[in-house]
Amino acid sequence: MFLKIANLSLLVLFPIAWVAPLLKAGLLPFFALSEISMLTGVQALWEKDVFLALVVTFFALVAPLLKTLGLALIQFRLASPRLLPAINVMGKLAMADIFLIALYIVLVKGVGLGRVETGWGLYLFTACVLASLTISFLSARK
């Protein structure tokens, strides 16, 4: 029962993580920092590079949501447990987004032109993805 509740809570926590500030970025140390969330980042990408926006939208929004919904369907016996391998792949795809954000932070800090601070949304999104992976792992063991 705990795994079901934990998985269903991700349906609430993922959207919160999408609008929460992932990072605060600014040009040079003395300018104000702008908050960037998952949704504002994707929105900015749509204006610049549609293909990259589609990729990020899939990894950051669609993959985690499909995985959580698929696992809920299996947990409530509305779908076959044979879907678990595909659901686990969806969870690993969501981790790619965290890697891209971390790479962006390292690059900006390494260049030294900008200032980047991580926001609480990055930690929430990371925790959601890791919780989702753990829930699916524990569900597969049952």
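As shown above, the structure is provided for reference.
Residues numbered from 1 in each chain as written. Predicted model: local features only at pLDDT ≥ 70, side-chain atom pairs only at ≥ 80, totals over all residues. Heavy atoms only, no water.

K.L.:
So what's going on with the overall build of the protein chain? Which residues, and what values?
P.N.:
Looking only at helices and strands, one finds five helices and three strands in the protein chain. Ordered by position from the N terminus, the helices and strands of the protein chain form the series α-β-β-α-α-α-β-α. Taken across its 142 residues, the protein chain has 37% of its residues classed as buried. The long-range fraction of contacts in the protein chain, counting pairs at least 24 apart against all pairs at least 6 apart in sequence, stands at 65%. Surface accessibility of the protein chain: about 8,400 Å² in total, with carbon and sulfur atoms responsible for 75%. (Helix = DSSP H or I, 4+ residues; strand = E, 2+ residues; numbered from the N terminus. Buried < 20%, exposed > 50% of the residue type's maximum accessible area, 1.4 Å probe, protein only. Contact = heavy atoms within 4.5 Å. Areas by Shrake-Rupley, 256 points an atom, 1.4 Å probe, with all protein chains shown as cover.)

K.L.:
Provide a residue-level description of the pattern of salt bridges, including the pertinent values.
P.N.:
Throughout the structure, instances matching the rule amount to one salt bridge. The partner of lysine 24 in a salt bridge is glutamate 35, with the nearest N and O atoms 3.9 Å apart. Taken together, the positions of lysine 24 in strand E1 (residues 21–27) and glutamate 35 in strand E2 (residues 34–37) put the pair eleven residues apart, joining distant regions of the chain. A residue is classified by how much of its surface remains accessible, and lysine 24, at 29% relative accessible area, is partly exposed. (Salt bridge = Lys/Arg side-chain N within 4 Å of Asp/Glu carboxyl O.)

K.L.:
Quick rundown of the environment of leucine 83? Include the residues and the values.
P.N.:
By secondary structure assignment, the location of leucine 83 is in the loop between helix H3 (50–75) and helix H4 (84–111). We classify leucine 83 as partly exposed; its relative accessible area is 42%. As a C-alpha pair, leucine 83 and leucine 73 span ten residues in sequence and 9.9 Å in three-dimensional space.

K.L.:
Describe a nonpolar patch on the surface, and please don't skip the residues or the numbers.
P.N.:
Residues Leu8, Leu73, Phe76 and Leu78 make up a contiguous nonpolar surface patch of about 380 Å² in total accessible area. Mapped onto the fold, phenylalanine 76 is located in the loop between H3 and H4. Using a relative accessible area of 40% as the deciding quantity, one classes phenylalanine 76 as partly exposed. (Patch = residues over 30% accessible without salt bridge, like charges linked within 9 Å, V, L, I, M, F, W, Y side chains within 5 Å.)

K.L.:
Please give an account of the nonpolar core that cites residues and values.
P.N.:
Core analysis: the biggest nonpolar cluster contains 25 residues, and Phe14, Trp18, Met38, Phe125 and Ile135 have the highest contact counts within it. Of all the secondary-structure elements, those providing two or more residues to this core are helix H1 (2–19), E1, helix H2 (38–48), H3, H4 and helix H5 (120–141). Excluding its chain neighbours within four sequence positions, the residues that come into contact with isoleucine 135 are Leu3, Ala6, Asn7, Leu10, Leu71 and Gln75. (Core = buried A, V, L, I, M, F, W, Y, C linked by side-chain atoms within 4.5 Å.)

K.L.:
Tell me what's going on with the packing of H1 against H3, and back it up with residues and numbers.
P.N.:
With their axes 10 Å apart at the nearest point, H1 and H3 run at an angle of 160 degrees to one another. As far as their axial angle goes, H3 and H1 are roughly antiparallel. You can see that H1 and H3 cross each other, and the crossing is left-handed. For the pair H1 and H3, contact is made by Leu3, Lys4, Asn7, Leu8, Leu10, Leu11, Phe14 and Trp18 and by Ala60, Leu61, Pro64, Leu65, Thr68, Leu69, Leu71, Ala72 and Gln75, respectively. Grouping the constituent residues of the contact of H1 with H3 by class yields 13 nonpolar, three polar and one charged. (Axes fitted to C-alpha atoms, helices over the stretch in contact; angles between N-to-C directions. Parallel < 35°, antiparallel > 145°, perpendicular 65-115°, else oblique. Left-handed = near helix turned anticlockwise from the far one by under 90°. Nonpolar A, V, L, I, M, F, W, Y, C, P; charged D, E, K, R; others polar.)

K.L.:
An account of the side chain of lysine 67 is requested, with residue identities and associated values reported.
P.N.:
Examined against the element boundaries, lysine 67 turns out to sit in helix H3. According to the relative accessible area criterion, lysine 67 is buried, its value standing at 1%. Within the local environment of lysine 67, its side chain forms a polar contact with the backbone oxygen of serine 132, the two atoms lying 2.6 Å apart. If we ignore the near neighbours within four places in the chain, the residues touching lysine 67 are Ile87, Asn88, Met90, Gly91, Ser132, Leu133 and Ser136. (Polar contact = N/O pair within 3.5 Å; in protein donor to acceptor, adjacent residues only side chain to side chain.)

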